[in-house]
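Working through the structure, step by step
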Amino acid sequence: MKLAYFFGEAFANLRRNTLMTLAAMSTVAVSLFLLGSVMLGGAIITQSTGRWEGEVELNVFLRDEITPEQSKELETAISAMPEVQQVIYESKEAAFKEFQEMFKESPALTENVDPTALPASYRIKLHNPNSASAVASRLIGRPGVEDVNYGGESIKRLLKVTGLLKTVSLVFVGLLLAAATVLIANTIKIAVYARRNEIGIMKLVGASNWFIRVPFILEGIAEAIAGTMLAGLVIVTAKLLLLDRLQQSIPFLPLTVGWPTVLQIFGTLLAVGTLIGAIGSGFALRKFLEV
Amino acid sequence: MIRLENVSKVYKDSVVALRDVSCDIQKNEFVFLVGPSGSGKSTFIRLLLKEDEPSEGRIWVAGKDIAQLARWKVPQLRRQVGCVFQDFKLLTNKTVRENVAFALEVIGRPKHVIQARVPEMLELVGLAHKLESRPDELSGGEQQRVSIARAMVNRPPILLADEPTGNLDPATSGDIMKLLLRINESGTTVIMATHDHAIVDQFRKRVVELENGKIVRDQARGVYGMGGPQPIGGGTP
């Protein structure tokens, strides 16, 4: 019976203040749509940097005079490192073959290179590209190791840029969330103000504070969820009509995201929307409903 | 039933509303609380409802020390104390029946109780024929009856009435008084703050007079003024 009362009151309020409800809903929709877009952008960035980062590998070039024992020992040592995901040996012959393959358009180059001039190497795939320099410094100077190459600077720069992008978008998201919360708090305040007589009487006859609060909190949550649905709908539409089509015409860039990511964003928006609905109305009620 | 012990109330701007007030009100008593505007009558009532905290002293209502009462238990206190005001405080968008039912709904009483008690209570105050009217279709006296029905429908042991006849003509005021006396006779402790000399003098109940925040008189079967005519104050203090 209580539940029916709470929902009844909440929806009566929403209907009574149609205009305010619409205003709150649409502001939540706009801010959560922006939040969703930032998350979507973030997902695309993470996906592409993930792809680049995944391509990062460490090349350990070996001296020509390395003994098979030293080589064996080195391989064991590398595989034993916790950061290492996979290690592949590339012999001199394999290196030359790859070299030929890479420059097959310029035979002058491949013909003038001695097949034995290229060093043998270990190619290391890492779990996390951030550990590249640490692994490299441990390998440099080992017997039989000529040089270690991991494209150090460019990786660092790449990670810095993506890290900065993530931070900036997080700050942006934080600001938007605060704005949405304040807007919900405002609409709830108006709803409370419109019903101040009723609330005064409720307090007078001894309604418990939660009994008074719950309909308003439900109202805030309902507004937020409605706004979230709208925002989610726009984002799904954007994926279908914009990103997927763009991806079809530019296949080599990672421009779209899969349904699991979209669903995840939708779920997050819903959780965040519900939360700011509750927090916003909580804020609005704190001042008005003191005993 | 109600006991104040050396209660003082000083507001933030160092306005003293009550000074060292002690008062004992027994179960089933009917007490007129009189005094000019600003004498502390309203503060007295606010303290009993824990709408305000006393600066000093202790207050017991219905056997409980209300200073010790946790905030979240204040609603429990208010369910023990019905309230009636000069301006009725009815919800204009609800019918008479809904106004009274509201008081039970919001404290979570089950539907069958509400459906049984509301018409019963409205019959008691003589409004059985106006169940579906709205407050603005009623006279002032009828509106005050609705507000009394709302205050009493939960059967509280105490009724506080703050200037209940303040907006009513003498004849209607008399009717409201008779209703309050009947409620008192059926076992409810009634405290009524008032300016109305005629009523106080006519009904001869216990009179507690406040002046500048002090009790200057506490008299069984008293009249409004000690002697001579008193100035008639305007509005609620």
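Here the residue numbering is sequential within each chain, running from 1 through the sequence in written order. The lettering of chains begins at A and the numbering of ligands begins at 1, in the order of writing. The model is predicted, so local features are restricted to residues of pLDDT at least 70 and side-chain atom pairs to those at 80 or more, both for listing and for counting; the totals for chains, interfaces and linings are taken over all residues.

Digging into the overall build of chain A
Rules: Labels follow the DSSP assignment, with helices taken as runs of H or I lasting at least four residues and strands as runs of E lasting at least two, numbered in each case from the N terminus. Put plainly, a residue is buried at 20 or more neighbouring C-beta atoms within 10 Å of its own, exposed at 12 or fewer, and partly exposed in between, counting only other residues' C-beta atoms, which are placed from the backbone. A pair of residues counts as a contact when their C-beta atoms, built from backbone coordinates, are separated by no more than 7 Å.
The secondary structure content of chain A amounts to ten helices and four strands. Reading the helices (α) and strands (β) of chain A from amino to carboxyl end gives α-α-β-α-β-α-α-β-α-β-α-α-α-α. Taking all 291 residues of chain A together, 27% fall into the buried category. Considering only contacts within chain A whose residues lie at least 6 apart along the sequence, 86% involve residues at least 24 apart.

Side note on the overall build of chain B
On a plain count of helices and strands, chain B comes out with seven helices and ten strands. Counting every position in chain B, which comprises 237 residues, the buried fraction comes to 42%. Across chain B, the fraction of contacts at a sequence separation of at least 24, relative to all contacts at a separation of at least 6, is 69%.

So, the pairing of strand β7 (residues 158-162) of chain B
All names here are of chain B. Quick note on the threshold: Whether two strands pair comes down to DSSP finding at least two bridges between them.
A large share of β7 lies buried, amounting to five of its five residues. Of the two faces of β7, both are covered, the one formed by I158, L160 and D162 as well as the one formed by L159 and A161. Where strand β6 (residues 81-85) lies against β7, five bridges are found, and the strand directions are parallel. Directly across from V81, in β7, lies its bridge partner I158. Summarising the sheet, β7 and strand β8 (residues 189-194) pair through five bridges and their orientation is parallel. Bridging from a neighbouring strand, A161 pairs with M192 of β8.

Quick look at the sheet that holds strand β1 (residues 2-10) of chain B
Residue and element names in this part refer to chain B. Put simply, the rule is: Orientation is described by axes fitted as lines to C-alpha atoms, over the contacting stretch for helices, and by angles from 0 to 180 degrees between their N-to-C directions.
Pairing in this open sheet of four strands is antiparallel, and the strands run β2-β1-β4-β5 from one edge to the other. Of all the strands in the sheet, just β2 (16-25) and β5 (64-65) have a single pairing partner and so form its edges. With six bridges joining them, β1 and β2 adopt antiparallel strand pairing. Across the sheet, residue K9 finds its bridge partner in β2, namely L18. Each of β1, β2 and β4 (56-61) is contacted by helix α1 (residues 41-48), which is oriented at about 120° to β1, the strand it contacts most.

Describing the environment of I66(A)
All names here are of chain A. Inspection of the secondary structure puts I66 in the loop between β1 (57-62) and α3 (68-80). For the pair formed by I66 and E146, sequence separation is 80 residues and the distance between their alpha carbons is 9.6 Å. Residues in contact with I66, not counting those within four places in the same chain, are S71 and G144.

Focus on the confidence of the model for chain B
Where the model shows low pLDDT, its predicted coordinates should not be examined in detail. Residues and elements named next belong to chain B. The test is simple: The predictor reports its confidence for every residue as pLDDT, a score running from 0 up to 100.
Here chain B averages 90 in pLDDT, while 95% of its residues score no lower than 70. When mean pLDDT is taken per element in chain B, helix α5 (residues 140-152) scores highest with 96 and helix α7 (residues 197-203) scores lowest with 89. Here residues 228-237 is modelled with pLDDT under 50, and outside its nearest four sequence neighbours on either side it reaches 19 contacts, counting other chains as well. Among the scores for the predicted complex, ipTM is 0.81 and pTM is 0.68.

Things to note about the interface of chain A and chain B
What counts is decided by this rule: Three classes are used, and their members are as follows: Ala, Val, Leu, Ile, Met, Phe, Trp, Tyr, Cys and Pro are nonpolar, Asp, Glu, Lys and Arg are charged, and the others, Gly among them, are polar.
Taken residue by residue, the interface counts 16 residues in chain A and 19 residues in chain B. Sort the elements by how many residues they give to the side of chain A that touches chain B and helix α8 (residues 196-204) of chain A lands first, with six residues. Its residues assigned to classes, the side of chain A that touches chain B shows nine nonpolar, five polar and two charged.

Topic: the pairing of strand β10 (residues 214-219) of chain B
All names here are of chain B. In this structure, strand β9 (residues 206-211) lies alongside β10, joined through five bridges in antiparallel fashion. Paired with V207 across the two strands is Q219, which belongs to β10. Joining the antiparallel neighbours β9 and β10 is a turn of two residues, in which N212 adopts a positive phi near 50°.

Describing the sheet that holds strand β2 (residues 84-90) of chain A
Residues and elements named next belong to chain A. On the basis of which strands lie adjacent, the open sheet formed by four strands has the order β2-β3-β1-β4 and antiparallel pairing. Strand pairing shows two members of the sheet lacking a second neighbour, β2 and β4 (145-149), which therefore form its edges. Each strand of the sheet is rotated relative to its neighbour by a mean of 20°, with strand direction disregarded. Direction of pairing for β1 relative to β4: antiparallel, over a ladder of four bridges. Considered in β4, the bridge of V60 is made with V148. Along the sheet face, α3 touches β1, β2 and β3 (121-126) and points at about 160° away from the line of β2. Set on the sheet, helix α6 (residues 132-139) makes contact with β1, β2, β3 and β4; between it and β1 the angle comes to about 10°.

Points about the nonpolar core
Definition in use: In these notes, a nonpolar core means any group of buried Ala, Val, Leu, Ile, Met, Phe, Trp, Tyr and Cys residues linked to one another through C-beta atoms within 7 Å.
L33(B) and V100(B) are the most contacted members of the largest nonpolar core, which totals 106 residues. When residues of this core are assigned to their parent elements, the largest contribution, eleven residues, is made by helix α9 (residues 209-249) of chain A. Among all residues touching L33(B), those that are not within four sequence positions of it are K41(B), F44(B), I191(B), M192(B), A193(B), V208(B) and L210(B). Listed in part, the ten residues of the second largest apolar core include I124(A), A132(A), V148(A) and Y150(A).

Comments concerning the confidence of the model for chain A
On average, chain A scores 80 in pLDDT, and the residues at 70 or more come to 91%. At the low end of the mean pLDDT range in chain A sits helix α5 (residues 107-111) of chain A, at 74; at the high end sits α8(A), at 87.

As for α5(B)
Residue and element names in this part refer to chain B. This is how it is decided: How far a helix is expected to stretch is found by multiplying one less than its residue total by 1.5 Å.
Here α5 spans 18 Å end to end across 13 residues, near enough to the 18 Å set by a 1.5 Å rise per residue. With eleven of its 13 residues buried, α5 lies for the most part within the structure. Considering only its buried residues, α5 is in contact with β6, α3 (96-105), α4 (111-124), β7 and α6 (170-185).

A closer look at the environment of V60(A)
Residue and element names in this part refer to chain A. By secondary structure assignment, the location of V60 is in strand β1. In the structure, V60 is positioned 89 residues away from N149 in sequence and 6.5 Å away in space, judged by C-alpha atoms. Those residues within four positions of V60 in sequence are excluded, and the remaining contacts are S121, Y122, I124, L139, V145 and V148.

Side note on the packing of α3(B) against α4(B)
Residues and elements named next belong to chain B. As a reminder of what qualifies: Roughly parallel refers to an angle under 35 degrees, roughly antiparallel to one over 145, roughly perpendicular to one between 65 and 115, and oblique to any angle outside these ranges. Crossing handedness is read from the near helix: turned anticlockwise from the far helix by less than a right angle, it gives a left-handed crossing, and turned clockwise, a right-handed one.
Viewed as axis vectors pointing N to C, α3 and α4 meet at an angle of 130°, and their least axial separation amounts to 9 Å. Relative to α4, the element α3 lies oblique. As for the relative orientation of α3 and α4, their crossing is right-handed in sense. Along its contact with α3, which presents V96, R97, V100, A101, L104 and E105, the element α4 presents V113, I114, R117, V118, M121 and L122.

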